[in-house]
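Understanding the architecture of this molecule
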Amino acid sequence: MKHLLRNNRKNVVALLFAVFSWWWPHTPGHTAPASFFYFCPDSPQNNFTRLKEAMDALLTEGGFSYSFQAFAHFKDFERQVRDDPPGFLLLPEWYLRQKDNAGRFKPILVPLRQGVSTYRKALLVSVDSDLTLAKLADATIAMTPVGQEGMTMLNEVIFKTHGLNGDKLKFIYTAKDYDALFALALRQVQAALVAVDNMEYVERINPKIVSAVKILAVSEPIPRPLICYDKNAVPAADVEKLKTFLLAGKQNEKTAKIMEMLQIDAWQVYSY
Amino acid sequence: MHGKSIHIELLVLLLICLWSAPVRAAQESAVVAILLSDSEEAYGRPVTTFSEEIERPVSVFNLHGDIMHDPDLKEKLFAARPALIFALGAKAAYAARLWTEERRDIPVIFAMVLNWQRYKLTEGRENMAGIAAEMAPGTQFANMIMFSPAVRRIGLLYSPQSGQIFDQAREAADLLGLELVAESIDHSRDLRLAFKKISAKVDAFWVLNDPLIYTMENLDWLEKRCVRDKLFCVGQTLNIAKLGLTLSVNSDNDQLGVQAGAMARNILERGQTPKDIGVMAPLNTQIIVNLNTAAKIGTNISPQALDLATSIIGR
């Protein structure tokens, strides 16, 4: 009898658990994603601990319940977006062109630097290299990772103009622009594709590294990373609140800190 | 005459077949074999990141620490008809070299092999490429001058075991316009005397991962001595900044699989040969700065440089 009772109790608990599991995610307020993902390999910011501290403090001050998570590796970011979808994201524009991402994530804000919402990448070789654009197909080129759509974009903004096809070039991916730049300066690769902003950033700290490389070609303008939200998951009120909050810009001390960390001068409403 | 022409055609065909053997092996199979030295946890992330990067099916084989652990492993690996082998650890790299002795059409990429030169992995073998386990001296020096732009002269102690790294260090210092002040030691106990000999002549000191240099006793002494002599001391393990030296520049093992995956794709899809690639330095870095030590030695690291660091100890 005791045994039967214990079994019954187990069954009831299991049944309650099953009902609760079904009910819990359907309760309003519990389905909304709780993360703000960041993946910007071309940003000068590598100190993700510091960035997370600052961003979490900013989100808390704004009354948001989103937790900030920064990704250094593209595949980790992709996997996490798939497995544990975030509410907000700061990501490269080319990511939106990938698969059905544009249908899912809606851009709301664009960062500006020196008044523009774009940046350029430079194709670099060692200062004493005789490598030309025509011979680039044989070289190993270091750069931050891009998905297939990112490569299409790079073909448009730099490779095609010089008679090259990015799909046939021999890339080695680095998580950070600096690693690509350093690898070239130290002759570990024959070429590198690096954001001009980051070259200038390194040059300001110590010009020695940049003096070891020279520019072969500069890309057309590339859109800066965008702040997006998941159209199917984030309440409109949260979207508007975040927009207002970030557009306040440097008037807020915590927003100003983030902007300084990401080398951003202002935010602009996305309107393309 | 006609028969002679057929013979020539056959000979040309045979030559084409022989010439294109590595390409053929790569195209015939879509599978990539991953060979592990053992079940070390450290291989987990490189295996994942490599598999994601390569975008092909992978089969994982494990030596379990001993090439004779499973006498059929070689047969099993070749039964998968791999287009390429990614070997992790010294035993796996050595086994991959040995097993492809008769199958040089299969490219091998090795990684996580400490002091890879010792195993003569690439000697006389055009199918072998790899990623060194050690950060290149140049990467150490480049980061040193980013975090302390005033550094001009770098001190280095080495033993006969790290002679090759000393040569690379000399070359890298020349490339960056730095002066290398080096001293060789034959015993671990000689470190203190050798350090004192060069300390006054340098602005920074690079701690090599050399068994005679990198001992807990030496590190403990170096930490205090670097502070006393106000030297910017740099090493290449995660622990070194935690132990109290100013800067640690080490390889990002998470990214190692991505680098190897890109190398593999360049071989399998874009016609690059393992010989063209050779043994690359690990290109991705993890940088840890100890701000407490920096303050003690009077080095003011700029906020811009700090943003390049992966993590910071102290404030």
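Nothing here was measured: the structure is a model prediction, and the numbers come from that model. (Residues numbered from 1 in each chain as written. Chains lettered and ligands numbered in written order. Predicted model: local features only at pLDDT ≥ 70, side-chain atom pairs only at ≥ 80, totals over all residues. Heavy atoms only, no water.)

**Things to note about the overall build of chain A**
Here is the rule: Segments assigned H or I by DSSP are reported as helices when at least four residues long, segments assigned E as strands when at least two residues long, and all are numbered from the N terminus. For every residue, the accessible area (1.4 Å probe, protein chains only) is compared with the maximum for its type, and the residue is labelled buried under 20%, exposed over 50%, or partly exposed between those bounds. In what follows, residue pairs with any heavy atoms lying within 4.5 Å of each other are defined as contacts. Using the Shrake-Rupley algorithm and a 1.4 Å probe, accessible areas are obtained, with residue cover drawn only from the displayed protein chains.
Secondary structure summary: chain A contains eleven helices and 13 strands in total. Put simply, chain A has 272 residues, and 55% of those count as buried. Within chain A, residue pairs in contact and separated by at least 24 positions form 77% of the contacts whose partners lie at least 6 positions apart. Put simply, chain A shows about 12500 Å² of open surface, and 56% of that area lies on carbon and sulfur atoms.

**So, helix α2 (residues 48–61) of chain A**
Residue and element names in this part refer to chain A. What counts here: One fewer than the residue count of a helix, multiplied by 1.5 Å, yields its expected span.
Spanning 14 residues, α2 covers 19 Å between terminal C-alpha atoms, matching the ideal 20 Å at 1.5 Å per step. Packed against the buried residues of α2 are β1 (35–38), β2 (67–70), α10 (236–247) and α11 (253–261). At the C-terminal side of α2, G63 shows a positive phi close to 80 degrees.

**Some words on the sheet that holds strand β9 (residues 191–195) of chain A**
Sheet strands line up and pair through hydrogen bonds in the backbone, either parallel or antiparallel. Residues and elements named next belong to chain A. Operational definition: Here the rule is simple: two strands pair whenever DSSP picks up at least two bridges between them. Axes here refer to lines fitted to C-alpha atoms; in helices the fit is confined to the stretch in contact. Angles between the N-to-C directions go from 0 to 180 degrees.
Across the sheet, five strands lie side by side as β8-β7-β9-β6-β10; this open sheet has mixed pairing. Because the sheet does not close on itself, it has two edges, and the strands there are β8 (170–173) and β10 (213–218). The sheet shows a mean angle of 30 degrees between the axes of neighbouring strands, direction not considered. This element, helix α7 (residues 177–185), spans β6 (121–126), β7 (140–143), β9 and β10 of the sheet and lies at about 145 degrees to β9.

**Notes on the domain arrangement of chain B**
Residue and element names in this part refer to chain B. What counts, and what does not: Boundaries between domains were set according to an automatic or database domain assignment. Buried area is understood as the total, over both parts, of accessible area removed when two parts are fitted together, assessed with a 1.4 Å probe. For this document, the term salt bridge refers to a Lys or Arg side-chain nitrogen within 4 Å of an Asp or Glu carboxyl oxygen. Here a polar contact means two N or O atoms within 3.5 Å. Within protein one must be a hydrogen donor candidate and the other an acceptor candidate, and residues neighboring in sequence count only if both atoms are side-chain atoms. Think of it as three bins: nonpolar holds Ala, Val, Leu, Ile, Met, Phe, Trp, Tyr, Cys and Pro, charged holds Asp, Glu, Lys and Arg, and polar takes everything else, Gly as well.
Partitioning chain B into structural domains gives domain 1 (30–133 + 253–280) and domain 2 (137–251 + 285–313). Once you take the C-alpha centre of each, domain 1 and domain 2 turn out to be 32 Å apart. With both sides pooled, the region where domain 1 packs onto domain 2 buries about 290 Å², and carbon together with sulfur makes up 27% of that total. Between the two partners, domain 1 and domain 2, sit zero salt bridges. Applying the counting rule to domain 1 against domain 2 returns one residue pair in polar contact (both at pLDDT 80 or more). Per-class residue counts for the side of domain 1 that touches domain 2 are two nonpolar, three polar and no charged.

**A short note on the confidence of the model for chain A**
What counts, and what does not: Residue-level confidence of the predictor, termed pLDDT, takes values from 0 up to 100.
Overall, the prediction assigns chain A a mean pLDDT of 88, with 88% of residues at 70 or greater. Note that residues 17–30 of chain A has pLDDT below 50 and, in this model, four contacts with residues that lie over four places away or in other chains.

**Focus: the environment of A:T140**
With respect to the element layout, A:T140 can be found in strand β7. With 32 residues separating them in the primary sequence, A:T140 and A:I172 have C-alpha atoms 6.8 Å apart. Excluding its chain neighbours within four sequence positions, the residues that come into contact with A:T140 are A:K170, A:I172, A:V189, A:Q190, A:A191 and B:Q272.

**A word on helix α3 (residues 74–83) of chain A**
Buried within α3(A) we find A:F74, A:K75, A:D76, A:F77, A:E78 and A:V81. Looking at the buried residues of α3(A), the elements they touch are β1, β3 (88–91), α4 (93–97), α5 (101–104) and β4 (105–112) of chain A together with α3 (44–54) of chain B.

**Examining the interface of chain A and chain B**
Across the boundary between the two partners, chain A contributes 40 residues, which contact 44 residues of chain B. Taken together, both faces of the contact between chain A and chain B bury some 3500 Å²; the carbon and sulfur share is 53%. Where chain A meets chain B, there are four salt bridges. Across the salt bridge formed by B:R45 and A:D76, the nearest N and O atoms sit 2.7 Å from each other. Per-element accounting of the side of chain A that touches chain B gives the leading share, five residues, to α7(A). Residue classes in the side of chain A that touches chain B are distributed as 18 nonpolar, nine polar and 13 charged.

**Details of the pattern of salt bridges**
Under the counting rule described, the total for this entry stands at 32 salt bridges over all chains. A salt bridge links A:D230 to A:R104; the nearest nitrogen and oxygen atoms lie 3.7 Å apart. Pair noted here: A:D230 is in strand β12 (residues 226–230) and A:R104 is in helix α5, with a separation of 126 residues, a long-range link. Overall, the relative accessible area of 22% leaves A:R104 in the partly exposed class. Here the residues in one salt-bridge network are A:K75, B:E55, B:R265, B:E269 and B:R270, joined through shared partners.

**Overview of the pairing of β3(A)**
Residue and element names in this part refer to chain A. The side-chain alternation of β3 yields two buried faces, one formed by F88 and L90 and the other by L89 and L91. With three bridges joining them, β1 and β3 adopt parallel strand pairing. Residue pairing across strands places F37 opposite L89, the latter belonging to β3. Alignment of β3 against β12, held across four bridges, turns out to be antiparallel. Each residue of the ladder has a partner; that of L89, found in β12, is C228.

**Quick look at the state of the cysteines**
Which entries qualify depends on this criterion: Note on disulfides: each one is a pair of cysteine sulfur atoms within 2.5 Å.
Taken as a whole and assessed by the stated rule, the structure comprises one disulfide over all chains. A sulfur-sulfur distance of 1.9 Å marks the disulfide that ties B:C226 to B:C233. The disulfide joining B:C226 to B:C233 has a torsion of about -90 degrees about its S-S bond and is therefore left-handed. A:C40 takes part in no disulfide bond, and the closest cysteine sulfur to it belongs to A:C228, at a distance of 10 Å. The exposure class of A:C40 is buried, given its relative accessible area of 10%. Classification of A:C228 by relative accessible area gives buried; the value is 0%.

**Notes on the packing of aromatic side chains**
The test is simple: Pairing of aromatic rings covers Phe, Tyr and Trp, the last through its six-membered ring, and needs centres within 6.5 Å; plane angles under 30 degrees mean stacked, over 60 mean edge-to-face, and all others mean tilted. Each ring is checked for a lysine NZ or an arginine CZ that lies within 6 Å of its centre and within 35 degrees of its normal; such an atom marks a charge sitting over the ring.
The final tally for this structure, using the stated rule, is 25 aromatic pairs over all chains. Judged by centre distance (6.1 Å) and plane angle (45 degrees), the ring pair of B:F110 and B:W116 falls under tilted. The class for B:W116 is buried, based on a relative accessible area of 16%. Taken together, A:F36, A:Y38, A:F48, A:F64, A:Y66, A:F68, A:F88, A:Y229 and A:F245 form an aromatic cluster joined through their ring pairs. Against the face of A:F64 rests A:K241, its NZ or CZ located 4.8 Å from the ring centre.

**Some remarks on the sheet that holds β12(A)**
Residues and elements named next belong to chain A. One open sheet accounts for six strands, arranged β2-β1-β3-β12-β4-β13; its pairing is mixed. Among the strands making up the open sheet, the edge pair consists of β2 and β13 (266–269). With direction set aside, neighbouring strand axes in the sheet form an average angle of 25 degrees. Docked against the sheet, α2 engages β1 and β2, running at close to 155 degrees with respect to β2.

**Details of the pairing of β12(A)**
Residues and elements named next belong to chain A. Counting buried residues in β12 gives five out of five residues, a clear majority hidden from the surface. Here β12 shows a buried face lined by L226, C228 and D230 and a second buried face lined by I227 and Y229. Bridge count for β4 against β12 is four bridges, and the pairing is antiparallel. Within β12, the position partnered with L109 by the bridge is I227.

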